Amino acid sequence: MRQHLPHACDHPAAHRLLALLATYRFATTTQLARLTAEAYGSLSSAIRQTLRHLARLQEYDLVTRLERRVGGWQGGSTVSIWTLTTRGRRVQTGSRSRQRPRSLSTSFLAHLLAITETSVQITETARSMTDASATITTEPGCWRSYLGPAGQQLTLRPDLQAVVASPHYDDHYFIEVDRDTENPARVLAACQRYAAYYASGAEQRACGVFPLVLWVVPHAARCQQLRRVIASDQRLPAALFAVITNQQIEETIRNGAAA
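For the structure given in this document, a descriptive report is provided here. These figures come from a predicted structure and were not determined experimentally.

As for unusual backbone geometry
With omega at 5°, the peptide bond leading from Glu139 into Pro140 counts as cis. Following the sequence through the fold, Pro140 ends up in the loop between β4 (133–138) and β5 (144–147). Positive phi values are uncommon outside glycine, yet Arg25 reaches one of about 75°. Judged by its relative accessible area of 32%, Arg25 is partly exposed.

And the structure:
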């Protein structure tokens, strides 16, 4: 059962920050400010107000801050990462599961932050477009269960699902955030799972369309590597996949991805 916020924290901005941390699990101060920036006059104002509300939430043991050195953020310097405490999760979701964020590996945190960053960039891009909006679903809400060829129950586990909608089009994406830490063979195996799910027809029956599987990678060399790996399996439907760098997210959301 969800609990009420302490009166000192009962502010719409505090509710928004708790909801974002419940959704993304981990986010930096700047990521949280960027996600809520539309409520403020500027990003610098959003950062100041975000820090003020986070400090109050921390005072009441609803959030905690991890000071971790994570590559790819602020030149690899120590970055403030926020997450819900056990009490904060109970207040926000009613869950009684215990939080042990300090036990998580830095590499796992870096992957979660990269997923959050991808979502932030999609959100910012959609906000800057005329008559467009983005609906982003995180795990496990974006996961899909389906039957394999032998009737076995299988689960597809994208990092994100995004729908960018306008009066003229809807672009659907399953998103995999790659940090160049996985063996290319595992990436190929993941693509084969998407192809199997596509062949099942379950998504098309439910939604009328199958999303483009978008791999977001950290640099151009990895982009070329994954494109070659995916093209090497001629059984994969080529139009089902696209590989972009994280610097190409805005362009892709604005113009659509070239498979």
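After that view, the rundown keeps rolling.
Let's talk about the pairing of strand β10 (residues 241–245)
Within β10, five of the five residues are buried, leaving the element largely enclosed by the surrounding structure. Residue alternation in β10 divides its side chains into two sets, Phe241, Val243 and Thr245 and Ala242 and Ile244, and both sets are buried. Sheet topology places strand β9 (residues 212–217) next to β10; five bridges connect them, and they run parallel. Directly across from Leu214, in β10, lies its bridge partner Ala242. Crossover handedness for the path β9 to helix α8 (residues 220–232) to β10: right-handed.

Remarks on the pattern of salt bridges
Taken as a whole and judged by the stated rule, the model has eleven salt bridges. In this structure, Glu203 and Arg144 form a salt bridge, with 2.7 Å as the shortest nitrogen-oxygen distance. You can see Glu203 sitting in helix α7 (residues 202–207) and its partner Arg144 sitting in strand β5, a full 59 residues away along the chain. Exposure remark for Arg144: the relative accessible area of 14% places this residue in the buried category. Taking the shortest distance from any N to any O, the salt bridge between Asp233 and Arg235 comes out at 3.0 Å. Assessed through its relative accessible area of 70%, Arg235 is described here as exposed.

As for helix α3 (residues 43–59)
Side chains that are three or four residues apart share a direction in an α-helix, a result of its 3.6 residues per turn. Here α3 spans 24 Å end to end across 17 residues, near enough to the 24 Å set by a 1.5 Å rise per residue. Listed as buried for α3 are Ser45, Ala46, Thr50, His53, Leu54 and Leu57. One side of α3 holds all its buried residues, which, seen down the axis, span an arc of 155°. Those residues of α3 that are exposed and aimed more than 90 degrees away from the buried face are Arg48 and Glu59. Of the residues flanking the end of α3, it is Asp61, one or two places downstream, whose phi is positive at about 60°.

Concerning helix α4 (residues 86–93)
Among all positions of α4, only Thr86, Gly88, Arg89, Val91 and Gln92 are buried. In the segment just after α4, Gly94 is the residue with positive phi, at about 85°.

Points about the side chain of Arg222
Note that Arg222 resides in helix α8. Within the structure, the side chain of Arg222 is placed 2.8 Å from the side chain of Gln225, a separation counted as a polar contact. If near-sequence neighbours (up to four positions away) are discounted, Arg222 is found in contact with Asp178, Asp180, Thr181, Glu182, Pro184, Val187 and Val217.

Things to note about the nonpolar core
Soluble globular proteins: nonpolar side chains tend toward being buried together. Counting 25 residues, the largest nonpolar core has Phe26, Tyr173, Ile175, Leu214 and Ile253 as the members making the most contacts within it. Broken down by element, the residue count for this core peaks at six residues, all from helix α5 (residues 106–128). Beyond its immediate sequence surroundings of up to four residues, Ile253 is in contact with Ile122, Thr125, Met129, Val164 and Tyr173. Counting residues in each nonpolar core, the second largest holds 22 residues, with Ala190, Val217, Cys223 and Leu240 among its members.

Here we look at the environment of Gln225
Here Gln225 lies in helix α8. In sequence terms Gln225 and Pro184 are 41 residues apart; their C-alpha atoms lie 8.0 Å from each other. Non-local contacts of Gln225, meaning those with residues more than four positions away in its chain, are made with Asp180 and Pro184.

Conventions adopted
Residues numbered from 1 in each chain as written. Predicted model: local features only at pLDDT ≥ 70, side-chain atom pairs only at ≥ 80, totals over all residues. Heavy atoms only, no water. Helix = DSSP H or I, 4+ residues; strand = E, 2+ residues; numbered from the N terminus. Buried < 20%, exposed > 50% of the residue type's maximum accessible area, 1.4 Å probe, protein only. Pairing = 2+ DSSP bridges. Right-handed = clockwise from strand over helix to strand, strands pointing away. Salt bridge = Lys/Arg side-chain N within 4 Å of Asp/Glu carboxyl O. Expected span 1.5 Å × (residues − 1). Arc of directions from axis to C-beta. Polar contact = N/O pair within 3.5 Å; in protein donor to acceptor, adjacent residues only side chain to side chain. Contact = heavy atoms within 4.5 Å. Core = buried A, V, L, I, M, F, W, Y, C linked by side-chain atoms within 4.5 Å.

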